[in-house]
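Coordinate inspection notes
The chain contents come next:
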Amino acid sequence: MLRVLPILPRKFSPSIAVRLVHVTEYGIKDGLQELLHVETRNMCRCEECFSTLSTQKLLTDAKKGVRVSSVGRVTEHYLTVKWDDGHEGMIARTSRGAYGPQPVQDILDKYYNLTVRRNNELQLWRGEEEEGVAMQFKYSDVISSDQSTRDFIAHFMKYGIGTMTEVPAERNTLDVINVDMEAGPMRETIYKNPDPVAFIADAHNFAYTSDALPGHTDLPYYTQMPQIFLFRCHINTVIGGSSFWIDTFAALAEVRAERPDYFASLTTTPISCRYSPPGTGWYLATPYTAVVLMGDDILEVRDHLALMDEFEMSRRLPRETRSKWWDAFLYYQSKLEQAAYKRIVKAGDLVFVDNRRVLHGRESFKAEGERKERLMDVSYGDWNHFQRRLLDTGPEKLFIERHLHNE
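This paragraph deals with the overall build of the protein. The number of helices and strands found in the protein is twelve helices and 24 strands. When contacts within the protein are restricted to residue pairs at least 6 apart in sequence, those whose partners lie at least 24 apart make up 74%. When the accessible area of the protein is evaluated, it comes to approximately 20300 Å², of which 51% is carbon and sulfur surface.

This is how it looks when you write it as structure tokens:
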């Protein structure tokens, strides 16, 4: 039994909306959106099918075989629908509606698509041609207000990189994320949190040497790769050693346009990587695809040539498949060569990197005389915790929309 529906806003035109909605053989066509019969029944947000207390579905099965009989009222956020099992309810037309008939945050409309990585909400870039990539935010400004914190997170999600400067030495990265920004908890890994990265002349790990580090994503051997890479600079007096970042989504957009067959290979061919951190006796490995899609949107890129497991790939994949994949991968990598944004990080910098989109690396440096100190630390954040922080405005700031059956 229907009891709630949203009020139509003044700018919303029901007559136009009704013309866009049709019952079809497969389900419902609502403008550009096409919904299957089984999807519509499981999308019902009436009080019988959806709990406003737990914000979870109350259905106990997928209602397979149930079909849409008719569509009733059309509002901005909902459709009223009747199914052939006799049930009458409502389904969402917008992200706001998908959260059910409950208090909904006004800020959801502004940031939701950005937080779920809709590619048309992102700003792709190559090098410094997009000035937003080089923007820097003072720590004191970022934490000065709720809106300032959200502005910084939104910038980071849009560009895949955000640089915070003048972070006080006494505030470690966990303090900044968990306390000052309220965007924790942090992501735990096999490494310390934060994990110090200092220059050591005879180190086994390349990260601790003065050698150049090619652009890469961190920890691709994790089944759930960390989504946010946090790079903090404490001391940096060495000569050279510019850090750089590359937007893989921009490179892949070119690959998709020029060689769709290569793009398809990168998104469908399973590959693998493995790693055994020196001196640990640990063995880590996972299969993955270099590029993960959600519909047409790119969600994730894993690119770490030094950890790629060609041995495992040669055992699992046919030679022809591997040959095509390598052609595609090398073509993609050619798009990265002149695409880096570079800068020398300095004490007090904290760089936020979207580890599923932006590669990070370092040019070689010299450590000699009085200029031989380079101390950084690395931590990892969780995307969903940053998403929660961006969309959370607190109970007192909720935009409460009433849902009425009749107007």
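Further notes follow.
What follows is about the packing of aromatic side chains. Scanning all chains against the criterion turns up 16 aromatic pairs. Seen from the ring of Tyr262, Arg259 lies directly overhead, with NZ or CZ sitting 3.8 Å from the centre. The aromatic ring of Trp383 is capped on one face by Arg356, whose charged end is 5.1 Å from the ring centroid.

Consecutive side chains of a regular strand alternate in pointing toward one face of the sheet and then the other. Counting buried positions along strand β13 (residues 228-236) gives seven out of nine residues, so the element sits mostly inside the fold. Bridge analysis of β13 against strand β21 (residues 350-354) gives five bridges, and the strand direction is antiparallel. Paired with Phe231 across the bridge in β21 is Val351. Relative to strand β24 (residues 374-381), β13 is paired through eight bridges, and the arrangement is antiparallel. The residue bridging Phe229 from the neighbouring strand is Tyr380, located in β24.

So, about the packing of helix α8 (residues 248-258) against helix α9 (residues 260-268). In the contact formed by α8 and α9, the axes pass within 5 Å of each other and the chain directions differ by 125 degrees. In terms of their interaxial angle, α8 and α9 are classed as oblique. Between α8 and α9, the residues in contact are Leu252, Val255, Arg256, Ala257 and Glu258 and Pro260, Tyr262, Phe263 and Leu266, respectively.

In spatial order, the strands read β6-β7-β8; together these three strands make up an open sheet with antiparallel pairing. The sheet is open, and its two borders are formed by β6 (68-74) and β8 (88-92), each paired with just one other strand. Going from strand to strand, the sheet's axes swing by 35 degrees on average, the running direction of each strand aside. Sheet analysis places β6 next to strand β7 (residues 78-83), joined by four bridges and oriented antiparallel.

Turning to helix α11 (residues 319-334), a few remarks are in order. Compared with the 22 Å implied by 1.5 Å per residue over 16 residues, the 23 Å span of α11 between its first and last C-alpha is a close match. The set of residues buried in α11 consists of Trp325, Ala328, Phe329 and Tyr332. Around the axis of α11, the buried residues are gathered within 100 degrees of arc, so they sit on the same side. Contacts made by the buried residues of α11 are with α8, α9, β16 (271-275), β19 (297-301), α10 (310-316) and β22 (358-362).

Empty space within the largest pocket amounts to approximately 1100 Å³. Contributing elements (two or more residues each) for the lining of the largest pocket: β11 (195-198), β12 (213-216), β13, β15 (243-247), β22 and β24. A per-class count over the lining of the largest pocket returns 24 nonpolar, ten polar and six charged. Considered as a void within the structure, the second largest pocket measures approximately 830 Å³ in volume. Lining the second largest pocket are 25 residues, with Gln33, Ser95, Tyr112, Asn113 and Arg118 sitting closest to its centre. Of all the secondary structure elements, the ones that give two or more residues to the lining of the second largest pocket are β3 (33-36), α3 (95-98), α4 (108-115) and β19.

This brings us to unusual backbone geometry. Following Gly184, the chain continues into Pro185 via a peptide bond in cis, with omega recorded as 5 degrees. Mapped onto the elements of the fold, Pro185 is located in the loop between α7 (173-180) and β11. The omega angle of the peptide bond from Asn193 to Pro194 is 0 degrees, so this bond is cis rather than trans. Here Pro194 lies in the loop between α7 and β11. Unusually for a residue other than glycine, Arg117 sits at a positive phi of about 65 degrees. You can see Arg117 is positioned in the loop between α4 and β9 (136-138). According to the relative accessible area criterion, Arg117 is buried, its value standing at 4%. In this structure, Leu219 takes a positive phi of about 55 degrees despite not being glycine. Topologically, Leu219 is positioned in the loop between β12 and β13.

Quick notes on the rules
Residues numbered from 1 in each chain as written. Predicted model: local features only at pLDDT ≥ 70, side-chain atom pairs only at ≥ 80, totals over all residues. Heavy atoms only, no water. Helix = DSSP H or I, 4+ residues; strand = E, 2+ residues; numbered from the N terminus. Contact = heavy atoms within 4.5 Å. Areas by Shrake-Rupley, 256 points an atom, 1.4 Å probe, with all protein chains shown as cover. Phe/Tyr/Trp six-rings, centres within 6.5 Å; stacked < 30°, edge-to-face > 60°. Lys NZ or Arg CZ within 6 Å of the ring centre and 35° of its normal. Buried < 20%, exposed > 50% of the residue type's maximum accessible area, 1.4 Å probe, protein only. Pairing = 2+ DSSP bridges. Axes fitted to C-alpha atoms, helices over the stretch in contact; angles between N-to-C directions. Parallel < 35°, antiparallel > 145°, perpendicular 65-115°, else oblique. Expected span 1.5 Å × (residues − 1). Arc of directions from axis to C-beta. 1 Å grid on protein atoms, 1.4 Å probe; cavity = no way out; pocket = protein on both sides within 12 Å on 5 of 7 lines; lining within 4 Å. Points joined across faces, edges and corners; volume = space filled by probe spheres on them. Nonpolar A, V, L, I, M, F, W, Y, C, P; charged D, E, K, R; others polar.

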